[in-house]
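An overview of the molecular structure
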There are 2 protein chains.
Amino acid sequence: MAVQTIAENTTSSVDLGPAAALSCRECGERFELGPLFACASCFGPLEVAYDLPAGSPEELKKRIEAGPNNIWRYAPLLPVPADVAEKPNINPGFTKLVKADNLARELGVTGGLYVKDDSGNPTHSFKDRVVAIAVEAARAFGFTTLSCSSTGNLAGAVGAAAARAGLRSCVFIPHDLEQGKVVMAAVYGGELVGIEGNYDDVNRFCSELIGDPLGEGWGFVNVNLRPYYGEGSKTLAYEICEQLGWKLPDQIVIPIASGSQLTKIDKGFQELIKLGLVEDRPYKIFGAQAEGCSPVSAAFKAGHDVVRPQKPNTIAKSLAIGNPADGPYVLDIARRTGGAVDDVNDEQVVDAIKLLARTEGIFGETAGGVTLGVTKKLIEAGVIDPTLTTVVLNTGDGLKTLDAVSATSQATATIKPSLDAFRAAGLASA
Amino acid sequence: MAVQTIAENTTSSVDLGPAAALSCRECGERFELGPLFACASCFGPLEVAYDLPAGSPEELKKRIEAGPNNIWRYAPLLPVPADVAEKPNINPGFTKLVKADNLARELGVTGGLYVKDDSGNPTHSFKDRVVAIAVEAARAFGFTTLSCSSTGNLAGAVGAAAARAGLRSCVFIPHDLEQGKVVMAAVYGGELVGIEGNYDDVNRFCSELIGDPLGEGWGFVNVNLRPYYGEGSKTLAYEICEQLGWKLPDQIVIPIASGSQLTKIDKGFQELIKLGLVEDRPYKIFGAQAEGCSPVSAAFKAGHDVVRPQKPNTIAKSLAIGNPADGPYVLDIARRTGGAVDDVNDEQVVDAIKLLARTEGIFGETAGGVTLGVTKKLIEAGVIDPTLTTVVLNTGDGLKTLDAVSATSQATATIKPSLDAFRAAGLASA
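Residues numbered from 1 in each chain as written. Chains lettered and ligands numbered in written order. Predicted model: local features only at pLDDT ≥ 70, side-chain atom pairs only at ≥ 80, totals over all residues. Heavy atoms only, no water.

**A closer look at the relation of the copies chain A and chain B**
Rotating chain A by 180° and moving it 0.0 Å along the rotation axis overlays it on chain B with an RMSD of 0.0 Å. Such values leave the two copies arranged in the relation of a two-fold axis. Minimal C-alpha separation from the rotation axis in chain A is found for Gly120 of chain A, amounting to 2.9 Å. Of the residues that chain A buries at the interface, 100% are likewise interface residues in chain B, meaning the two copies contact each other through the same surface. (Least-squares fit on C-alpha atoms with pLDDT ≥ 70 in both. Contact = heavy atoms within 4.5 Å.)

**Observations concerning the environment of Leu262 of chain A**
All names here are of chain A. Along the polypeptide, Leu262 turns up in helix H10 (residues 260-274). Separated by 68 residues in sequence, Leu262 and Val330 have C-alpha atoms that sit 6.7 Å apart. Among residues more than four places away in sequence, those in contact with Leu262 are Ile254, Ile256, Ile285, Phe286, Gly287, Val330 and Ile333. (Helix = DSSP H or I, 4+ residues; strand = E, 2+ residues; numbered from the N terminus.)

**Some points on the pairing of strand E3 (residues 46-50) of chain B**
Residue and element names in this part refer to chain B. The buried fraction of E3 is high, at five of five residues. Across five bridges, the pairing between strand E1 (residues 19-24) and E3 is antiparallel. Bridge pairing links Ser23 to Glu47 in E3. (Buried < 20%, exposed > 50% of the residue type's maximum accessible area, 1.4 Å probe, protein only. Pairing = 2+ DSSP bridges.)

**Thoughts on helix H6 (residues 179-186) of chain A**
Since one α-helical turn is 3.6 residues long, residues separated by three or four positions face the same way. Along H6 of chain A, six of the eight residues are buried, which leaves the element largely enclosed by surrounding structure. The elements touched by buried residues of H6 of chain A are helix H5 (153-165), strand E7 (168-174) and strand E8 (191-195) of chain A together with helix H15 (403-406) of chain B.

**Focus: the UniProt feature "modified residue: N6-(pyridoxal phosphate)lysine" (unreviewed entry) in chain A**
Residues and elements named next belong to chain A. With numbering matched to this structure, UniProt assigns "modified residue: N6-(pyridoxal phosphate)lysine" (unreviewed entry) to Lys127. In this fold, Lys127 is placed in helix H4 (residues 127-140). Every residue in contact with Lys127, bar those within four places of it in the chain, is listed here: Asn153, Leu154, Ala157 and Tyr229. (UniProt positions renumbered as here; feature names shortened; annotations may be inferred.)

**Focus: the sheet that holds E1 of chain B**
Taken in spatial order, the three strands of this open sheet run E2-E1-E3 (chain B), and their pairing is antiparallel. The open sheet has two edge strands, strand E2 (30-31) and E3 of chain B, and neither has a second partner.

**Quick notes on the packing of helix H9 (residues 234-243) of chain B against helix H10 (residues 260-274) of chain B**
Residue and element names in this part refer to chain B. Two elements in contact, H9 and H10, have axes whose closest approach is 7 Å; the angle formed by their N-to-C orientations is 50°. The orientation of H9 relative to H10 falls into the category oblique. Seen along the crossing, H9 lies across H10 with a hand that is right-handed. Across from Lys234, Leu236, Ala237, Tyr238 and Cys241 in H9, the residues of H10 making contact are Gln261, Lys264, Ile265, Lys267, Gly268, Phe269, Glu271 and Leu272. (Axes fitted to C-alpha atoms, helices over the stretch in contact; angles between N-to-C directions. Parallel < 35°, antiparallel > 145°, perpendicular 65-115°, else oblique. Left-handed = near helix turned anticlockwise from the far one by under 90°.)

**Digging into the UniProt feature "domain: Tryptophan synthase beta chain-like PALP" (unreviewed entry) in chain A**
Residues annotated by UniProt as "domain: Tryptophan synthase beta chain-like PALP" (unreviewed entry) correspond here to residues 93-396 of chain A. In this annotation, residues 93-396 of chain A is assigned 44% helix and 16% strand; the end-to-end C-alpha distance for the span is 13 Å.

**A closer look at the sheet that holds strand E13 (residues 390-394) of chain A**
All names here are of chain A. Taken in spatial order, the six strands make up an open sheet running E4-E5-E13-E10-E11-E12, and their pairing is mixed. This sheet does not close on itself; its edge strands, each paired only once, are strand E4 (97-99) and strand E12 (340-344). Here the strands of the sheet are splayed against their neighbours by 25° on average, with no regard to which way each runs. In this sheet, strand E11 (residues 284-290) lies alongside strand E10 (residues 251-255) in parallel orientation, the contact comprising five bridges. Each residue of the ladder has a partner; that of Ile252, found in E11, is Ile285. Running over the sheet, H10 touches E10, E11 and E13 and is turned about 150° from E10.

Spelled out as structure tokens, the structure:
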């Protein structure tokens, strides 16, 4: 198999810092670092295993705090070389953790409510985090083309990161993608290929390409680089804890697409506990889906361990994965931590986007609306405890999903340019 | 006059940190801090005068470096109270200064080329900096409504900042503004009023409103709060110098709309020199305009001291001010520092946007395209020295001006989902 051949040829010279091996999340078998994504024994998904840094927690904290204002401050905990900050990369992360007091008042939260606002990343979504790590893996394995299938955020993140890193990029999209998204993906000047078919067809085609000599030298960030790529989401856990003063939040609400982000945030929390960087105390992880694509929420509510695929139909397109690869792991984590998984409908998503904008001046993507909408629902249902510290993720930018709010975000009034007209409109007094 | 009455009533209790007074940029007369914008003696524009902090440069540096990762780290140099970071505000700034090595190679710059990327601000333009300061002034003067006239970036910045600060907002726009921009302004939930007329009509109406009892309690960020608002642009100078290791750049290229930003960056550099935070050595300031709105560039080339108004016609709408208030000051600064003012046409603007995206993964607004386009032109003309350190400003986000690049940013190919089709498209090899 082409993929394994590449791995065998390159592992000897691979320097990915503390990353020691790939290990199977199902059977635990270990493999040398390489562009592998499935266990050769049981076909389970692979993840990065580490030799975590030695030394006292205080030393490590100091080292991190003296690092750059981006994810590379956590290089000792990531599958990247020690000199990663010197290499050309998109340098995402260390986005704002906004203390959302106005929103807290509206929701009746008294224990501290925070929004982790990843719209501050270079291409304005959390995807910059995962792609930045994939870039380093691509370099380590000698890949010259960075690729992915995408319907939105990922395309821009790959195009931008490849441009900065000096890699060629080739992004595959469904041929009938909305014009705005095509432009956002194409502007970085890489190859952008429309595939005549739907997103499933695009993915199928990419899988074929990976196994074919035509795809030699290609790193597909979310396929053959997936074990590395996924680790980028751990940085959300690190940043949240550091920004809370090296403390775990009591509760965190995370959107679910494939579910990878949620599992990696849990992994990040566990690593910080193991390293003594935060106190080991209980935290609850909540997952958020849109009703129109809620396979994990449905399984959680039904008490199932397996996730039954759905055909997505929601405005939250960046979460519209009907058969989420990490669904079962998400269910485990939500149950283990005493959290939950729930969903809201599209109208609630729009309401939540506008609630966040109105109270905190943060214009989130539909995924952010899903997450805040579920947070509100779970607070009202008494599932999320309003007296505890709660973090809500906003993983993307409202500018990319303007259509979701356009019908209800319009001028309050249209008047002639005269004081009389203004007086008649009744907008003068506060 | 209503404005002066408010000033007289409020100055006694005003705490705006090191801001000591307003002083006239023409005749030097000083006024107590208040919502004033024109000199009562000569009608010249007012600006903030400071009691700058005492103490050694090293102490001040340390204090700044220990501050938050936003403009409030410079609170000792801004017209804001000392506890500003504790108040709800949008907290912009400390955006990336990107070492643009790929771009430098393409442009033949060997002395170090940097892009100050203000698309990383909360609403993705530099306007967040100026509005954040205006919010503090509004609070200090007891205003309850934050207002402005706008055709784009400013509307979003005011809406977002007012939401966070707990102020009411009322933004005035031309009634026929593009749908996307209306949505971006309306989503924060403030009042958004379409005025039947063009942008000049909107401005005229706002001026009437400020002088009328209907506008009592209203802070127009770019009118009666303008002296404070403008100071926000100084933070660009502070950040650039700090990020260069407390050094002045040799050359800096800045877009010109009203010209305020350019004059304030010069003011910021001068303050840092005076405080001993940077070595006092020559720097050159270059101004960039779009050909379709180039009154300052035209005056510079003609050797004039006055700026003849133009009727704007350019895709760089955020720079389309035909009668720039600070034009004469810009001419002074460009000439005093040995810089220049130049312009590029819309095609060059688009090319520059795409050049920046392709080389550095930064998708800038049309204003960024203007600035980089002029940089390229002046390097080619031998006016900007490629052997010296050069900083180029990107003041906004490409997501807000997608139309500018949509015609030329499209898929490279559209194919059927098969390896044969992919092979035929000739995209396989690097």
